[in-house]
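This is what each chain is made of:
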Amino acid sequence: MAKSNEVIDNDVLGDKITDDSDSIEDKDLDTSADDSVEAGTVEVRRGRGEGRRGRGRDRGDREPVEKEFVEKLVKLNRTAKVVKGGRRFSFSALTVIGDRKGKVGYGFGKANDVSEAIRKSIDKAKRSLVQLPVKNGTIPHDVKGFFKSSYVLLKPARSGTGIIAGGPVRAIMEAGGVTDVLSKSIGSSNQYNVVKATFDCITKMMDAKTISRNRGKSLNELWG
């Protein structure tokens, strides 16, 4: 009888062990399910930009830095030199810059790389700034400029006209802060010559105070 009791006890213990193992497996499944849910929530939060360290922390507080000068690329040219090993390329860039407050300049740079050629032209333009007289968004009087076979005519325009110009002339006027002007380019359409003819107009231009003094009138009588 004792042996039978021991057998019964072992069977009971075996059932308990299997029951406990089943419960452990169920717990493992539950914990794995919980882990997957937590991992899913973390990924969603990261997708929304939350929980990241060091990224996007101060982006909303940063203010955009405005450049001192407006840079406009007028002409970019590429040339090739045939050598023994193949072809060597070089680039030339014509750039116009301005502060939209009456100062404009142009520069011409050459280099074996595009970015370097543009950088050189911008540096030269900063060293050759001239004053563009602007009154009420337009130029004070008619002016003509010449360079070789290029001829440029600039006329003042009333408010709302816009910049009636194309190519290099428009780039120079926008960089100088002119909003209303009439222009005409006659002769050679070479962009280098047109830029130099336009700057010839600017150097011949008189400011508003000089014109009013020569005509014996005040600024309010001429421009309101």
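For the structure itself, look to the data block above.
All values reported here derive from a predicted model rather than from experimental measurement.

Thresholds applied
- Residues numbered from 1 in each chain as written.
- Predicted model: local features only at pLDDT ≥ 70, side-chain atom pairs only at ≥ 80, totals over all residues.
- Heavy atoms only, no water.
- Helix = DSSP H or I, 4+ residues; strand = E, 2+ residues; numbered from the N terminus.
- Buried < 20%, exposed > 50% of the residue type's maximum accessible area, 1.4 Å probe, protein only.
- Contact = heavy atoms within 4.5 Å.
- Areas by Shrake-Rupley, 256 points an atom, 1.4 Å probe, with all protein chains shown as cover.
- Pairing = 2+ DSSP bridges.
- Axes fitted to C-alpha atoms, helices over the stretch in contact; angles between N-to-C directions.
- Phe/Tyr/Trp six-rings, centres within 6.5 Å; stacked < 30°, edge-to-face > 60°.
- Patch = residues over 30% accessible without salt bridge, like charges linked within 9 Å, V, L, I, M, F, W, Y side chains within 5 Å.
- Salt bridge = Lys/Arg side-chain N within 4 Å of Asp/Glu carboxyl O.
- Lys, Arg positive; Asp, Glu negative; His and termini not counted.
- Charge placed at Lys NZ, Arg CZ, Asp CG, Glu CD.
- Expected span 1.5 Å × (residues − 1).
- Arc of directions from axis to C-beta.
- Parallel < 35°, antiparallel > 145°, perpendicular 65-115°, else oblique.
- Left-handed = near helix turned anticlockwise from the far one by under 90°.
- Nonpolar A, V, L, I, M, F, W, Y, C, P; charged D, E, K, R; others polar.
- Polar contact = N/O pair within 3.5 Å; in protein donor to acceptor, adjacent residues only side chain to side chain.

Enquirer: Hey, could you go over the overall build of the protein chain for me, with residue numbers and the actual values?
Expert: When its secondary structure is counted, the protein chain shows 6 helices and 8 strands. When the elements of the protein chain are put in sequence order from the N terminus, they spell out α-β-β-β-α-β-β-β-β-α-β-α-α-α. Per-residue burial over the protein chain gives 28% buried out of 224 residues. For the protein chain, contacts bridging at least 24 residues in sequence account for 56% of all contacts bridging at least 6. Summing over all exposed atoms, the protein chain offers an accessible surface of approximately 15500 Å²; the carbon and sulfur share of this is 48%.

Enquirer: Just give me the short version of the sheet that holds strand β2 (residues 86-98), but keep the residues and values in it.
Expert: Strand order in the open sheet made by the 4 strands is β1-β2-β3-β4, with antiparallel pairing throughout. Two strands close off the open sheet at either side, each with one partner strand: β1 (70-83) and β4 (130-131). Strands β1, β2 and β3 (103-111) of the sheet are contacted by helix α2 (residues 114-126), whose axis makes an angle of about 145° with β3.

Enquirer: Mind laying out the packing of aromatic side chains, listing which residues take part and the relevant values?
Expert: Per the counting criterion, the structure on display carries 3 aromatic pairs. Pairing tyrosine 106 with phenylalanine 199 gives two aromatic rings, centres 4.8 Å apart and planes at 50°, and the pair type is tilted. Of this pair, tyrosine 106 sits in strand β3 while phenylalanine 199 sits in helix α4 (residues 191-204), and the two are 93 residues apart along the sequence. Residue phenylalanine 199 is classed as buried on the basis of its relative accessible area, which comes to 6%.

Enquirer: Lay out a positive patch on the surface with the relevant residues and their values.
Expert: On the surface, a cluster of positive charge is contributed by Lys110, Lys120, Lys124 and Arg127. By the secondary structure assignment, lysine 120 is in helix α2. The exposure class of lysine 120 is partly exposed, given its relative accessible area of 33%.

Enquirer: Provide a residue-level description of α2, including the pertinent values.
Expert: For the α-helix, the turn length of 3.6 residues means that residues three or four positions removed from each other point alike. Look at α2: 19 Å from first C-alpha to last across 13 residues, which is about the 18 Å you get at 1.5 Å a residue. Within α2, burial applies to Ala117, Ser121, Ile122 and Ala125. Looking down the long axis of α2, one finds its buried residues gathered within 135° of arc, a one-sided arrangement. Of the surrounding elements, those touching the buried residues of α2 are β1, β2 and β3.

Enquirer: Report on the packing of helix α3 (residues 168-176) against α4, specifying residues and quantitative values.
Expert: Here α3 crosses α4 at 40°, and the two axes come no closer than 9 Å. The orientation of α3 with respect to α4, classified from their angle, is oblique. The interaxial crossing formed by α3 with α4 has right-handed handedness. Between α3 and α4, the residues in contact are Pro168, Val169, Ile172 and Met173 and Gln191, Val194, Val195, Thr198, Phe199 and Ile202, respectively. Grouping the amino acids of the contact of α3 with α4 by side-chain chemistry returns 8 nonpolar, 2 polar and no charged.

Enquirer: Explain the side chain of threonine 138 residue by residue, including any values.
Expert: The residue threonine 138 is located in the loop between β4 and β5 (143-147) in this model. A polar contact is formed between the side chain of threonine 138 and the backbone nitrogen of alanine 157, at a distance of 3.1 Å. Those residues within four positions of threonine 138 in sequence are excluded, and the remaining contacts are Pro133, Pro156, Ala157, Val178 and Asp180.

Enquirer: Give a description of the environment of valine 178 that names residues and reports values.
Expert: Relative to the helices and strands, valine 178 is located in the loop between α3 and β8 (181-187). Residues valine 178 and isoleucine 163, spaced 15 residues apart in sequence, show a C-alpha to C-alpha distance of 7.7 Å. With sequence-adjacent residues up to four places away left out, valine 178 is seen in contact with Leu132, Val134, Gly137, Thr138, Ile163 and Met173.

Enquirer: So what's going on with the pairing of β1? Which residues, and what values?
Expert: Taken residue by residue, a regular strand's side chains alternate between the two faces of the sheet. Both β1 and β2 contribute to a ladder of 13 bridges, which runs antiparallel. The partner of alanine 80 across the bridge, within β2, is phenylalanine 89. Joining the antiparallel neighbours β1 and β2 is a turn of 2 residues.

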